[in-house]
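Report on the structure
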Amino acid sequence: MRRGFLAMAIVAGCGARTDLGTRTLAGDAGLDASSDAPLDAPADAPASCGPAHLAQTAAQPDAIAIDGDWVYWHDAAGISRVKKTGGPANSVADATPALWPDLVAFALAGGFAFYADGGAILRAPVGGGTAMPLGFTIANAGFATDASRVFVWSRSGSPAEIDRFDVSGANFAKVGQVGEPPSEMAFAGTTAYVAADPGVWKLGFGAGDALLSGLTATDVVVDGATLYFTSDDATNGARVMRLATDTLKAEPIADTAGAFALARDDQDLFVIDALGLRVRRIAGMVGPVVDVAGFAPDYSPVDVVVDASCVYFTL
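A brief report on the enclosed structure follows. (Residues numbered from 1 in each chain as written. Predicted model: local features only at pLDDT ≥ 70, side-chain atom pairs only at ≥ 80, totals over all residues. Heavy atoms only, no water.)

Pairing is antiparallel in the open sheet, where 4 strands are placed in the order S16-S17-S18-S19. A single partner strand is all that each edge strand has here, and the edge strands are strand S16 (182-188) and strand S19 (210-213). With strand direction ignored, the average angle separating the axes of adjacent strands in the sheet is 25°. As paired strands, strand S18 (residues 200-203) and S19 are joined by 3 bridges and run antiparallel to one another. (Pairing = 2+ DSSP bridges. Helix = DSSP H or I, 4+ residues; strand = E, 2+ residues; numbered from the N terminus. Axes fitted to C-alpha atoms, helices over the stretch in contact; angles between N-to-C directions.)

Next up, the structure:
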């Protein structure tokens, strides 16, 4: 997917919903969006629009998350954060990466970042402080959170056991199992939806588990009774798929070739097009599909998140 890398965390598009961008913010990346940065704003964007560099990262940036006023990301040096408005980046935790690109390298809950280093599961205060081992070890761990509890699993074998523990690290217990290790997990109330290679799963944690689709899935988001996931199967290629949870009918969304990572707000979907080297918006979650930001050859965005006014992604 990536033939080269430019290490940075980026925010694209702050402000109006119509153009996803009314201003450019310069952070610590030390790059000039008008010259040496490999970025292009959409062709129809106002002159003031365009990606803004929030922070310089280490090599291999991948997973990104937002919480309150902060943007968090994972790279080869560990986990860091920067204010959404830019400014100095702060290290949250040092960690040796096991996989790349990794969409589930860490999770945030209760003022802590949860992650693995050498197999040991740790939590680190997001505002700075000493990381604390939680007393258990999981090989190549992946993480997700429903804001009050942390979910963790091993990506070293199948089937994959899903474990859960409290933010304090207490009450560690097995709560589910899927055929293959998750590459992403999304929550809707007390239900979790899992993307795996292959398989899209529903985990009811006592209320019933089910395989919803046998297609390969990389990322997943949920909107009511509809799931959206990125897939790269032999029939559809790399696409965003729409899956109705009542009928289990899955169909591709047109013009989403190259889909890798996925995010949503209350109106639209946002997708990383790893082949086309761009971030795209799927208006109304059905289309049309329009570019938010594009990149020069040899550079590809990796992960994406969105809040009420901005789209954030790693590159």
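With that settled, consider the nonpolar core. The biggest cluster of nonpolar side chains holds 18 residues, and the ones touching the most others in it are Phe260, Ile272, Val279, Phe295, Val304, Val311 and Phe313. Contributing elements (two or more residues each) for this core: strand S24 (259-264), strand S25 (269-273), strand S27 (289-295), strand S28 (304-306) and strand S29 (311-314). Other than its neighbours up to four places away in sequence, Ile272 contacts Gly258, Ala259, Phe260, Ala261, Arg278, Val279, Pro301, Val302, Asp303, Val304 and Phe313. Membership of the second largest hydrophobic core comes to 16 residues, among which are Val92, Phe106, Leu108 and Tyr115. (Core = buried A, V, L, I, M, F, W, Y, C linked by side-chain atoms within 4.5 Å. Buried < 20%, exposed > 50% of the residue type's maximum accessible area, 1.4 Å probe, protein only. Contact = heavy atoms within 4.5 Å.)

Looking now at the sheet that holds strand S12 (residues 141-145). Here 4 strands make up an open sheet; going across it, the order is S12-S13-S14-S15 and the pairing antiparallel. In this open sheet, the two strands that pair with only one neighbour each are S12 and strand S15 (173-178). With direction set aside, neighbouring strand axes in the sheet form an average angle of 30°.

Tallying each qualifying case throughout the model produces 10 salt bridges. With a closest N to O distance of 3.4 Å, Asp255 and Arg280 form a salt bridge. Taken as a pair, Asp255 in the loop between strand S23 (250-252) and S24 and Arg280 in strand S26 (residues 278-282) lie far apart in primary sequence, 25 residues in all. Residue classification places Asp255 among the partly exposed positions, given a relative accessible area of 47%. Overall, the relative accessible area of 6% leaves Arg280 in the buried class. Overlapping salt bridges, with partners in common, bring together Asp255, Asp273, Arg278, Arg280 and Asp291 in one network. (Salt bridge = Lys/Arg side-chain N within 4 Å of Asp/Glu carboxyl O.)

Now for the layout of surface pockets. Space left empty within the atom packing is revealed by a probe, the size of a water molecule, rolled over the atoms. One number sums up the size of the largest pocket: a volume of about 910 Å³. Forming the walls of the largest pocket are 33 residues, and the residues nearest its centre are Ala65, Thr145, Glu184, Met185 and Val305. Those elements that provide at least two residues to the lining of the largest pocket are strand S4 (64-67), strand S8 (106-109), S12, S16, strand S20 (219-223), S24 and S28. Each residue belonging to the lining of the largest pocket can be placed in one class, and the counts come to 24 nonpolar, 3 polar and 6 charged. Size it by volume and the second largest pocket reaches roughly 270 Å³. Across the lining of the second largest pocket, the residue classes tally to 8 nonpolar, 3 polar and 4 charged. (1 Å grid on protein atoms, 1.4 Å probe; cavity = no way out; pocket = protein on both sides within 12 Å on 5 of 7 lines; lining within 4 Å. Points joined across faces, edges and corners; volume = space filled by probe spheres on them. Nonpolar A, V, L, I, M, F, W, Y, C, P; charged D, E, K, R; others polar.)

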